[in-house]
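# Inside the fold
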Amino acid sequence: ESYPKWIDKLYRTIFYLFLMFPFLSSSSRFLRNLTFLFSLFYLPLYLDGSENGKNKKFERKNGILGRLIRGSRYWKWIKKRYNLQLILTKPLSPKPYIFAIHPHAILPLGISCNLMSNINNSQELLKGIDYRFLGASMAFSIPIYRDICLALGNLDAAPHSAKGILSSGKSIMVVPGGAQEALLSFPLENKILINNRKGFIKLALEFGVDLVPVYSFGETDLYNQIKTQNPIILSIQNAIHQAFGISFPILTNIIPIKSNITTVIGEPIEVKKIINPTKEDIDILMNIYKEKLLELFNTNKSKYIVDGEKAQLEFF
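First, a word on what this report is: a plain description of the structure on this page. Here the structure is a predicted model, which is why all the values come from computation and not from measurement. (Residues numbered from 1 in each chain as written. Predicted model: local features only at pLDDT ≥ 70, side-chain atom pairs only at ≥ 80, totals over all residues. Heavy atoms only, no water.)

### Examining the overall build of the protein chain
Per the secondary structure count, the protein chain includes 11 helices and 9 strands. Taking 20 Å as the expected radius of gyration for a compact globule of 316 residues, we find that the protein chain reaches 20 Å, a close match to that expectation. The principal-axis extent of the C-alpha atoms belonging to the protein chain is close to 65 × 45 × 40 Å. Evaluated residue by residue, the protein chain yields a buried proportion of 48% over its 316 residues. For the protein chain, restricting intrachain contacts to residue pairs at least 6 apart in sequence, the fraction spanning at least 24 positions comes to 79%. (Helix = DSSP H or I, 4+ residues; strand = E, 2+ residues; numbered from the N terminus. Rg over C-alpha atoms; globule rule 2.2 N^0.38 Å. Buried < 20%, exposed > 50% of the residue type's maximum accessible area, 1.4 Å probe, protein only. Contact = heavy atoms within 4.5 Å.)

Have a look at this one:
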């Protein structure tokens, strides 16, 4: 469940002031005054709770900023550089779904571009389906970046947010592996973190919403990461994830490697509503989901991966 509103706002206010402190305490009077005026305007927006998806007054996906960002030329440049493709294997009826997307990789660039923008006609392919992406809570604590996420249709991945979105008749898009899955991301490897990520399965059962597996081929080829079994490094990475909900892979390149990324949306898996699903109910549906995801991967790997016949999808 969510924290009381006043606690959440207090935490956000303290965090915001912490980030702004270097500017508010600057020796430059102009910078101090500018930061103060900016904060007077921005702080109410920062604390409006939009990331929970409950306040329709502050819905931003279809606002001016959302239209400007989604219409940016940036998406065209990304599409050309990474040969982005979005494939729908079967037309979807206009109703709520839970789209489970894999892999998160270091940075889910292809997934973000293909499904947050309309660069590959996602609005036409998913016509009649109003969906929201769920992202790490930490993303919505970072000023400005938070507003970009909201404008692109992202909301907090906290359980209460997901339930609120589904209750309103909208679909959600989740990345079950989350940021921690980035530590499994290596070029030409297809490893996903899913075995103990059953929250989306439980949600599907509770709301009776069909599951749609999505796999983005080539997503893990953008960055080279150093493999390490050093216990000190692993403990630091784990501590960062526990504290902030983000991962800290050791990369050898900052700029993504030029690659080909194809996001394939699979066929929906029918889910019958069970208000209070048991562990057995969840495990049964999870096994069905993993079978369908593996089928989606094996059917398409030779089309979208170099030497795809040899590629294997591994579950962790």
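That shown, we press on.
### Quick word on the packing of helix 9 (residues 199-207) against helix 11 (residues 279-304)
At their nearest, the axes of helix 9 and helix 11 sit 9 Å apart, and the two run at 110° to each other. With respect to each other, helix 9 and helix 11 are oriented roughly perpendicular. Of the residues in helix 11, those in contact with Phe200, Ile201, Lys202, Ala204 and Leu205 of helix 9 are Asp281, Ile282, Leu285, Met286 and Tyr289. Looking at the contact of helix 9 with helix 11 residue by residue, the class counts come to 8 nonpolar, no polar and 2 charged. (Axes fitted to C-alpha atoms, helices over the stretch in contact; angles between N-to-C directions. Parallel < 35°, antiparallel > 145°, perpendicular 65-115°, else oblique. Nonpolar A, V, L, I, M, F, W, Y, C, P; charged D, E, K, R; others polar.)

### Concerning the pairing of strand 7 (residues 210-217)
Burial analysis of strand 7 places 8 of its 8 residues in the buried class, which makes it a mostly covered element. Bridge count between strand 2 (residues 97-102) and strand 7: 6 bridges; the pairing is parallel. Within strand 7, the position partnered with Phe99 by the bridge is Val212. In this structure, strand 7 lies alongside strand 8 (residues 262-265), joined through 4 bridges in antiparallel fashion. Following the sheet pairing, Ser216 is matched in strand 8 by Thr263. (Pairing = 2+ DSSP bridges.)

### A word on the nonpolar core
One recurring pattern in soluble globular proteins is that nonpolar side chains are buried together. Within the largest apolar cluster, 37 residues are counted, with the highest numbers of intra-cluster contacts made by Ile98, Ile172, Phe200, Ile201, Leu211 and Tyr289. For this core, the secondary structure elements donating two or more residues are strand 2, helix 7 (145-151), helix 8 (159-167), strand 5 (171-174), helix 9, strand 7 and helix 11. When residues in this core are grouped by element, the largest group, 7 residues, is from helix 11. In terms of nonpolar packing, the next biggest core, distinct from the first, is built from 32 residues, Tyr82, Leu84, Ile119 and Ile265 among them. (Core = buried A, V, L, I, M, F, W, Y, C linked by side-chain atoms within 4.5 Å.)

### Thoughts on the packing of helix 4 (residues 74-82) against helix 5 (residues 109-116)
Where helix 4 meets helix 5, the axes come as close as 11 Å, and the angle between the chain directions of the two elements is 130°. By the angle between their directions, the pair helix 4 and helix 5 is classed as oblique. For the pair helix 4 and helix 5, the crossing hand works out as left-handed. When helix 4 is examined against helix 5, the residues Tyr74, Trp75, Ile78 and Tyr82 are found in contact with a partner set consisting of Leu109, Ser112 and Cys113. When its residues are assigned to classes, the contact of helix 4 with helix 5 shows 6 nonpolar, 1 polar and no charged. (Left-handed = near helix turned anticlockwise from the far one by under 90°.)

### Things to note about the pattern of salt bridges
Scanning all chains against the criterion turns up 11 salt bridges. Across the pair Arg146 and Glu51 runs a salt bridge, and its minimum N-O distance is 2.8 Å. A residue pair is termed long-range when its members are at least 10 positions apart, and Arg146 in helix 7 and Glu51 in the loop between helix 2 (29-46) and helix 3 (64-70) qualify at 95 residues. Its relative accessible area of 1% is what places Glu51 among the buried residues. Residues joined in a network through salt bridges with shared partners are Asp8, Arg12, Asp48, Glu51, Arg146 and Asp147. (Salt bridge = Lys/Arg side-chain N within 4 Å of Asp/Glu carboxyl O.)

### A word on the side chain of Ser112
If you trace the backbone, Ser112 turns up in helix 5. At 2.7 Å, the side chain of Ser112 and the backbone oxygen of Pro108 are in polar contact. Not counting the four nearest positions on each side in its chain, Ser112 is found in contact with Trp75 and Ser117. (Polar contact = N/O pair within 3.5 Å; in protein donor to acceptor, adjacent residues only side chain to side chain.)

### Things to note about the packing of aromatic side chains
Within this structure, the stated rule accounts for 12 aromatic pairs. Ring plane angle 25° and centroid distance 6.2 Å describe the contact between Tyr11 and Phe15, whose orientation is recorded as stacked. You can see Tyr11 and its partner Phe15 sitting in helix 1 (residues 5-24), 4 residues apart, about one turn around the helix. For Tyr11, a relative accessible area of 40% translates into the label partly exposed. Here Phe200 and Tyr289 contribute two aromatic rings whose centre-to-centre distance is 5.3 Å and whose plane-to-plane angle is 80°, an arrangement assigned as edge-to-face. In this pair, Phe200 is assigned in helix 9 and Tyr289 in helix 11, connecting sequence segments 89 residues apart. (Phe/Tyr/Trp six-rings, centres within 6.5 Å; stacked < 30°, edge-to-face > 60°.)

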